[in-house]
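Here are the chains, one letter per residue:
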Amino acid sequence: MQHMRLKQLRLWCLLPLFILTLMLTACGQHVGEKDVMQTERETNEITWGVKGDMRLFGLTDIETGEIRGFEVDIAKAVSKEIFGKNVKVNFVPVNSNTRLPLLKNGNVDALIATMSITADRKKEIDFSDVYFNAGQAIMVKKGSKIKSVKDLTSGTKVIGIQGSNSVLNIKKYAPKSEVLQLSDAAQAFAALKSGQGDAMTTDNGILYGLTSDDPSYHVVGGSFTTEPYGIGVNKGQKKFLTAINKALKKIEKNGEYQKLVDKWFSQISGFDGSVVK
Amino acid sequence: MISILVGHWSELIEGMKYTIASSLLALVGSLILGVIFAMFVISPNKSLNVIGKIYVEIFRNIPLLVIAMFFYIVMPRIFPGLDGFKAGTIGLTIYTSAFIAETVRAGIESVPVGQMEAARSNGMAYLQAMRYIVLPQAIKIVVPSLGNQFVNLVKNSSVLAFLAGFDLMYQGNLIASTTFKTTDTYLAVGLLYLVMTMPLSYFMRYLEKRWSKTPTV
C-alpha cells in the first residue's frame with residue numbers, strides 16, 4: 001500500500017515537469033532569423049506552401065501526385081525570376097490551419113495559398129503585393145431561395161472553412177445565420193451537397209473552381225468583400241520580400257501573369273474579371 | 001496558455017458541454033450495443049453468431065473518422081437532419097461498441113462454464129442464466145478494460161471537430177485559427193481533456209476496487 005502511494009506521488013510530480021517541457025519547447029523555435037535569400041542561393045532550392053485541394057489554385061493531381069494550379073504557376077514564375085531558370089521548386093500542401101505554423105517553423109520558405117492580407121495576419125508575417133483580388137461570395141444549389149447574402153436569415157445554416165477570414169466576415173454580413181466550419185473546401189462542399197447547410201461561403205475564386213466541378217451549384221449575389229491575396233513570408237525576410245515584389249511586377253509586365261490568368265480562368269463562366277490585376 | 005483559457009473561456013466551456021454530451025450518449029449507447037453484440041458473438045444460434053462477428057470485425061477495423069464521415073456526408077441523403085453532432089455521436093457509438101463487444105465477449109468467456117451449466121440445470125432459460133448469472137460476473141471482470149474504452153471514447157469524441165460538431169476540439173481549432181496562438185490553444189485544449197478524462201479514470205479504478213472486494217463466485 002505504502003509503495004503504491006509513493007508511486008502515485010511520483011507520477012503527480014512528473015505532471016508539472018511534463019507541462020513545463022511542453023511550454024519550453026514551444027518557446028524555442030525562431031527560424032525567421034535565417035536569411036532565406038542566402039540559403040536558397042546556396043542550395044538552389046526553394047519550398048512553397050500551396051493549397052493542395054483548391055481547384056484552379058492548387059490541386060493535387062491524383063495520378064501523378066503533382067500539385068497544379070494558378071498559384072503553383074505563379075510560384076514557379078516568381079522563383080525563376082529570383083533564383084534563375086534552374087532553381088528546384090518544391091511544393092508542400094498546406095491548409096488554413098497549418099499554413100502559418102509551417103511558415104513560422106521554417107518548413108516552407110513562402111506561402112502562396114489563397115491567403116488574404118489582413119491586419120491580424122500582418123502582425124504574424126509579412127505580405128507581398130497583391131497577386132489576386134478575390135472577394136467573398138456565397139454559393140447555393142441552383143433553384144435555391146437564397147439569392148444573396150441578405151437571404152441568410154435566422155434558421156439558415158451557412159458552411160465555411162475553418163481558419164479562413166471568410167467565416168469571420170459572414171458573421172458580420174449574416175449575423176443570424178448559423179455558421180458551420182469544416183476543415184477544407186472539399187469537405188465544406190461535400191457537406192453542402194449532403195444538405196448540412198443552405199449555402200457555402202468563401203472567396204469567389206475558390207467557389208468558381210467548385211462550380212466548374214459541379215454545375216448544379218452556382219455563385220449568387222456577387223462578392224460582398226474584397227480579399228486581396230498576397231504571398232506570405234516570415235518577418236525579418238525583407239530582402240526576400242523585395243525580390244518577390246520585383247518578380248511579381250516583372251511577370252506582370254512581360255505578359256506571363258496574364259497568360260497564367262487565361263490558362264486557369266478563361267473557361268469559367270461568370271468569372272469576375274476585376275479580381276486580377 | 002493562461003491567456004487563451006481566460007480570454008476564450010466561454011467558447012471552451014461551450015465546447016466541453018458538447019464533448020461531454022456526446023461522450024455520455026455514446027458511452028451509454030456503446031455499452032448497450034456492445035453487450036448485445038457480445039452476446040450475439042457467443043450465441044449458440046448460428047445466424048446471430050455470424051451477424052455479431054461481421055458487425056464487430058467491420059466496425060473495429062474501419063477508422064472512426066471514416067465511419068463518422070459516412071454518417072455526416074452520406075446518410076443525410078436518406079435521413080435529413082443528421083447534423084455534425086448527431087452523425088459524430090452515432091459514429092462514435094458504433095465504433096466503440098465494436099471494441100466493447102470484444103471486451104465483454106472475453107469477459108463472458110472467462111466466467112467458468114459451470115456457472116452457466118449450473119444455472120441451466122436449475123431450470124433457468126439461456127437468456128435468464130445470461131442476465132442473472134453470467135453477465136454480472138463478466139461485467140465485473142471487464143471493468144478495467146471497459147475503463148480504457150470509456151477514456152478512449154472521450155478522447156475519440158474529438159472526431160466531432162471534423163464534422164462541425166461544436167465540441168472542444170472544434171472550438172480549439174477555431175480559437176487557434178483566429179488568435180494564431182496554436183501551441184497555447186492546443187495545450188489549453190489538452191488540459192481540458194485531462195480534466196474530463198482523469199476523473200473518469202479514477203472513477204473506473206474506484207469501481208474496480210470496490211467490486212473486487214465482493215467476490216461473486
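All of these numbers come straight from a predicted model, not from anything done at the bench. (Residues numbered from 1 in each chain as written. Chains lettered and ligands numbered in written order. Predicted model: local features only at pLDDT ≥ 70, side-chain atom pairs only at ≥ 80, totals over all residues.)

Notes on the overall build of chain A
Filter applied, for reference: Helix and strand labels come from DSSP, where a helix needs a run of H or I of at least four residues and a strand needs a run of E of at least two; each type is numbered from the N terminus. Exposure classification rests on a simple neighbour count of other C-beta atoms within 10 Å of a residue's own: a residue reaching 20 or more is buried, one at 12 or fewer is exposed, and one in between is partly exposed. C-beta atoms are placed from the backbone. In this description, any two residues whose backbone-derived C-beta atoms lie within 7 Å of each other are considered to be in contact.
The number of helices and strands found in chain A is 10 helices and 13 strands. Here chain A, with 277 residues, has 44% of them falling under the buried criterion. Partitioning the contacts of chain A with sequence separation of at least 6, the portion at a separation of at least 24 is 72%.

Remarks on the interface of chain B and chain A
Rule in force here: Classification used: nonpolar for Ala, Val, Leu, Ile, Met, Phe, Trp, Tyr, Cys and Pro, charged for Asp, Glu, Lys and Arg, polar for all others including Gly.
Chain B puts 16 residues into the contact, and the matching count from chain A is 18 residues. Listing elements by their share of the side of chain B that touches chain A, those giving two or more residues are helix 8 (168-179) and helix 9 (182-212) of chain B. With four residues, helix 8 of chain B is the largest single contributor of residues to the side of chain B that touches chain A. For the side of chain B that touches chain A, the per-class residue count stands at nine nonpolar, five polar and two charged.

Examining the sheet that holds strand 4 (residues 67-68) of chain A
All names here are of chain A. Condition: Any two strands with at least two DSSP bridges between them are considered paired.
Overall, antiparallel pairing links the three strands, which are arranged 2-3-4 in an open sheet. Two strands in the sheet have a free side with no partner beyond their single neighbour: strand 2 (53-54) and strand 4. Looking at chain direction, strand 2 and strand 3 (residues 58-60) are connected through two bridges and run antiparallel. Note on strand 3: the bridge partner recorded for D53 is L59.

A word on the domain arrangement of chain A
Accessible area lost upon the coming together of the parts serves often as the stated size of an interface. Residue and element names in this part refer to chain A. We count it as follows: The split into domains, and so the bounds of each, comes from an automatic or database assignment of domains.
As far as domains go, chain A holds domain 1 (33-133 + 228-268) and domain 2 (136-220). Using only C-alpha atoms to locate each centre, domain 1 and domain 2 end up separated by 26 Å. Contact residues are listed per partner, giving 13 residues for domain 1 and 17 residues for domain 2. Its residues placed into classes, the side of domain 1 that touches domain 2 shows five nonpolar, six polar and two charged.

Some details on the UniProt feature "domain: ABC transmembrane type-1" (unreviewed entry) in chain B
Cut-off, in case you're wondering: UniProt positions are given in the numbering used here, feature names are shortened, and annotations may be inferred rather than shown by experiment.
Mapped onto the present numbering, the UniProt feature "domain: ABC transmembrane type-1" (unreviewed entry) falls on residues 16-204 of chain B. Secondary structure across residues 16-204 of chain B divides into 82% helix and 0% strand, with the first and last C-alpha atoms of the span separated by 21 Å.

With respect to the nonpolar core
Using the following cut-off: Think of a nonpolar core as buried Ala, Val, Leu, Ile, Met, Phe, Trp, Tyr and Cys residues chained together by C-beta atoms that fall within 7 Å.
By size, the foremost hydrophobic cluster in this structure holds 133 residues, and its most contacted members are V50, L111, I112, M139 and A188 of chain A together with A68 of chain B. Leave out the neighbours within four places in its chain, and I112 of chain A touches W48, V50, E71, I74, A75 and I231 of chain A.

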